[in-house]
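Spelled out, the chains give:
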Amino acid sequence: DVQLQACGGGLVQPGGSLRLSCTASGFRSNINAMGWFRQAPGKERDFVAAIGWSDDEQYYADSVKGRFTISRDNVKNTLYLQMNSLKPEDTAVYFCAATPVFNGGYNYYSVPSSFASWGQGTLVTVSS
């Protein structure tokens, strides 16, 4: 079974940057596509970004386009989320996820139920 461990969260000022990492352990076939989701207190888990096996397949929520960059290192089995120009509304617990499904496209990868494997989450707080 795939195990995901997210790290890199913390406190950052508005306009600052933060880089999240997610390390995967298990069968590579189960991490064909990976994604980041976030959940603020009292709110639903929302899509942030997703990536296929290679960096040429990337998807972003409109709220983070131009500010966040998703990437992965398949040698290290690690997923990244570079977050720039952070806003207070970015404050949430960020979860990484993985699925063996390929060619799912935006409509598939932007839905939490499409992912079977989840990390424990890492808290990102954007505040002065």
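Right, let's walk through the structure included here. (Residues numbered from 1 in each chain as written. Predicted model: local features only at pLDDT ≥ 70, side-chain atom pairs only at ≥ 80, totals over all residues. Heavy atoms only, no water.)

## Re the overall build of the protein chain
Here's step 1: The helix and strand tally for the protein chain stands at one helix and eleven strands.
Here's step 2: Counting from the amino terminus, helix and strand elements in the protein chain follow one another as β-β-β-β-β-β-β-β-β-α-β-β.
Here's step 3: The C-alpha atoms of the protein chain give a radius of gyration of 13 Å, which matches the 14 Å a tight globule of 128 residues would have.
Here's step 4: Its C-alpha atoms put the protein chain at 40 × 30 × 25 Å along the principal axes.
Here's step 5: Taking all 128 residues of the protein chain together, 48% fall into the buried category.
Here's step 6: Long-range pairs, those at least 24 residues apart, make up 59% of the contacts in the protein chain between residues at least 6 apart in sequence. (Helix = DSSP H or I, 4+ residues; strand = E, 2+ residues; numbered from the N terminus. Rg over C-alpha atoms; globule rule 2.2 N^0.38 Å. Buried < 20%, exposed > 50% of the residue type's maximum accessible area, 1.4 Å probe, protein only. Contact = heavy atoms within 4.5 Å.)

## Some remarks on the sheet that holds strand β8 (residues 78-83)
Here's step 1: On the basis of which strands lie adjacent, the open sheet formed by four strands has the order β1-β3-β8-β7 and antiparallel pairing. Sheet topology places β1 (3-7) and β7 (68-73) at the edges, where each strand pairs with a single neighbour. Taken over all neighbouring pairs, the strand axes of this sheet differ in orientation by 15 degrees on average, direction set aside.
Here's step 2: Bridge analysis of β1 against strand β3 (residues 18-25) gives five bridges, and the strand direction is antiparallel. Across the sheet, residue Ala6 finds its bridge partner in β3, namely Cys22. (Pairing = 2+ DSSP bridges. Axes fitted to C-alpha atoms, helices over the stretch in contact; angles between N-to-C directions.)

## With respect to the pairing of strand β9 (residues 92-99)
Here's step 1: With respect to burial, β9 is a largely interior element, seven of its eight residues being buried.
Here's step 2: Relative to β9, strand β4 (residues 33-39) runs antiparallel, the two sharing seven bridges. Within the sheet, the bridge partner assigned to Gly35 lies in β9 and is Ala97.
Here's step 3: When β9 meets strand β11 (residues 122-126), the two strands line up antiparallel, connected through three bridges. Directly across from Val93, in β11, lies its bridge partner Leu123.

## Focus on the layout of surface pockets
Here's step 1: Here the largest pocket defines a volume of roughly 150 Å³.
Here's step 2: Around the largest pocket sit Arg38, Gln39, Ala40, Lys43, Glu44, Asp46, Phe47, Ala61, Ser63, Glu89, Thr91 and Ala92, which together line it.
Here's step 3: Secondary-structure elements contributing two or more residues to the lining of the largest pocket are β4 and β5 (46-51).
Here's step 4: Its residues assigned to classes, the lining of the largest pocket shows four nonpolar, three polar and five charged. (1 Å grid on protein atoms, 1.4 Å probe; cavity = no way out; pocket = protein on both sides within 12 Å on 5 of 7 lines; lining within 4 Å. Points joined across faces, edges and corners; volume = space filled by probe spheres on them. Nonpolar A, V, L, I, M, F, W, Y, C, P; charged D, E, K, R; others polar.)

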